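Architecture and fold: a report
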Amino acid sequence: MLAGGSQPKLSVYVRWRRLTESESTDGLIDHRSRAVNTESLLSVSVKPSEGNGRPWTSPPAYKAIFSRDDDNATVYDDTVAPAIPQVLAGGSCNFFAYGHSGSGKTHTIIGYDFERDRSLGLCLASSRKLFEALDSLNQADSEIRLGIGFSLFELRKNTAFDLLNGRTECHIRQGPDGRTHIRGQTELLEGGKVRVRPLSQRACWTFEFLRDELIRSFGRRAVGWSSLKIVNEQLVEARDALIDRESELVPVGKRATDDRIDEAEAKKAECETRVAAAESINAILRSSRAKCLGAKTVFVDLAGSEYHQEKGTQVALMRQTPQERQEGRRINTDLLALKEVIRAWSSNQPRIPFRSSPLTMVLREHFLGGGGGTSAMIVTVSPTNHQYSAMLNSLKYGRYG
Ligand SMILES: Nc1ncnc2c1ncn2[C@@H]1O[C@H](COP(=O)(O)OP(=O)(O)OP(=O)(O)O)[C@@H](O)[C@H]1O
């Protein structure tokens, strides 16, 4: 690994993917990194070893470059480990993996080998460290029991799929409080009550339980299309309100007569309950002796960057069906919106365009709820010549951090 210096608001890292068994070492991209001085960020120069791709040199933009030989534990030590004290002090941190399909985003964020500690993805390595710290806090104070509330969902088009709850479809809405809410279906119950299911959050008290839940629910993601996965880990306490958010019983103001709920009343009741739930959670957060309670760590495994096109650029894609083209356009909109949000947020602009896409709406509170936390993007790239243009696209996206 090669490391640079200074601390921008979003740290950007580059990770070269290890070669797979079917890839030969011929035809590898020639790449070098350099820092102007020890304080500066690194600049990367790339050119294909054969073929006619143009050489390119980035401005100083990257905090560190991970080589093909660096494993997940090395990436964790440099990117997430420094943020753990911030999370334990109540801050919130965001980590994104950006890159073309097959470049190693899921390998980095989730991991594929759960038996070897050094292979755990960033979200599991982080929760393992957090559990070690929480165990000490729990032992030191018998009146508190801290754990991690974890949620996992996939974002496709305008819908979030709750992977902890059988891949239930959830809708992304902006509430009157300006915050984004991910809500499942509204069901009518007996006695004129409505159940509004928010995105599930599983309370975990041990690392092993969280890991097994993640492995089990991760298998429920859609296959065959490059999708976007978000893992959210929040520090919680074993008092009811935080854990019982999974089902909220809301009395409907007006009893339904012909099996149809008065929509306005249901919406009002939903809103009131949400406010009440938020207030009771806030009361717990305020009264708790644990200053880390409520801190969040978010890991985002972005969709394949080959769909990302800036105006005037052309990226060659395989032959696609109309449905794939439509989904590709949606991915492109999300990635472009995220880039604009990062750009505005990193340069402290007064207006950040969070409402431009469902992805940025969902990430809004994570960007704004920083509270002394860190944000980082790991740009994953393949070292082979035939993925030169996709690799270049990814490096260029990451230089704006
Ligand atoms: N740094 C690495 N070391 C070893 N194997 C890797 C590394 N990066 C990726 N791989 C392997 O390459 C394959 C593709 O990686 P991965 O599934 O993480 O790609 P991806 O970017 O998430 O792709 P997609 O966008 O299609 O989901 C996997 O088999 C993964 O284990």
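Details of the structure are given in the entry above.
Right, let's walk through the structure included here. This structure is a prediction, so every number in the text was calculated from the model and none was measured.

The rules behind each value
- Residues numbered from 1 in each chain as written.
- Predicted model: local features only at pLDDT ≥ 70, side-chain atom pairs only at ≥ 80, totals over all residues.
- Heavy atoms only, no water.
- Phe/Tyr/Trp six-rings, centres within 6.5 Å; stacked < 30°, edge-to-face > 60°.
- Helix = DSSP H or I, 4+ residues; strand = E, 2+ residues; numbered from the N terminus.
- Buried < 20%, exposed > 50% of the residue type's maximum accessible area, 1.4 Å probe, protein only.
- Lys NZ or Arg CZ within 6 Å of the ring centre and 35° of its normal.
- Near = heavy atom within 4 Å.
- Polar contact = N/O pair within 3.5 Å; in protein donor to acceptor, adjacent residues only side chain to side chain.
- Areas by Shrake-Rupley, 256 points an atom, 1.4 Å probe, with all protein chains shown as cover.
- Salt bridge = Lys/Arg side-chain N within 4 Å of Asp/Glu carboxyl O.

By the definition in use, this model includes six aromatic pairs. Ring geometry for Phe 95 and Phe 299: centres 5.4 Å apart, planes at 20 degrees, overall stacked. You can see Phe 95 sitting in strand 7 (residues 93–99) and its partner Phe 299 sitting in strand 16 (residues 296–301), a full 204 residues away along the chain. Considered together, Phe 95 and Phe 299 belong to a single accessibility category, that of buried residues. Both rings, one in Trp 345 and one in Phe 367, keep their centres 4.9 Å apart while their planes meet at 65 degrees; by these two values the pair is edge-to-face. Placement of Trp 345 in helix 8 (residues 322–346) and of Phe 367 in helix 9 (residues 358–368) is noted, with a sequence separation of 22 residues between them. We note that Trp 345, like Phe 367, is buried. The ring centre of Phe 161 lies 4.2 Å from the NZ or CZ of Arg 167, which sits over that ring.

On to the site of the ligand, then. Every one of the 13 residues lining the ligand counts as a neighbour, but Gly 102, Lys 105, Thr 106, His 107 and Tyr 112 are closest to it. At 2.7 Å, a side-chain N or O of Lys 105 approaches an oxygen atom of the ligand. In this structure, an oxygen atom belonging to the ligand sits 2.8 Å away from a main-chain N or O atom of His 107. Bound to the protein, the ligand loses 74% of the 630 Å² it would expose on its own.

Attention shifts here to the pattern of salt bridges. Opposite charge on two side chains makes pairing possible when the charged atoms of those side chains draw close. One pass over the full model with this rule turns up 13 salt bridges. With its nearest N and O atoms 3.5 Å apart, the salt bridge here joins Glu 132 to Lys 129. In this pair, Glu 132 and Lys 129 both sit in helix 4 (residues 122–140), three residues apart, roughly one turn of the helix. Under the relative-accessibility criterion, Glu 132 is labelled partly exposed at 43%. With a shortest N-O distance of 3.6 Å, Asp 301 and Lys 229 are connected by a salt bridge. Highlighted residues: Asp 301 in strand 16 and Lys 229 in strand 14 (residues 228–237), separated in sequence by 72 residues. The exposure classification of Asp 301 matches that of Lys 229, with both residues buried. One salt-bridge network, held together by shared partners, links Asp 30, Arg 32 and Lys 47.

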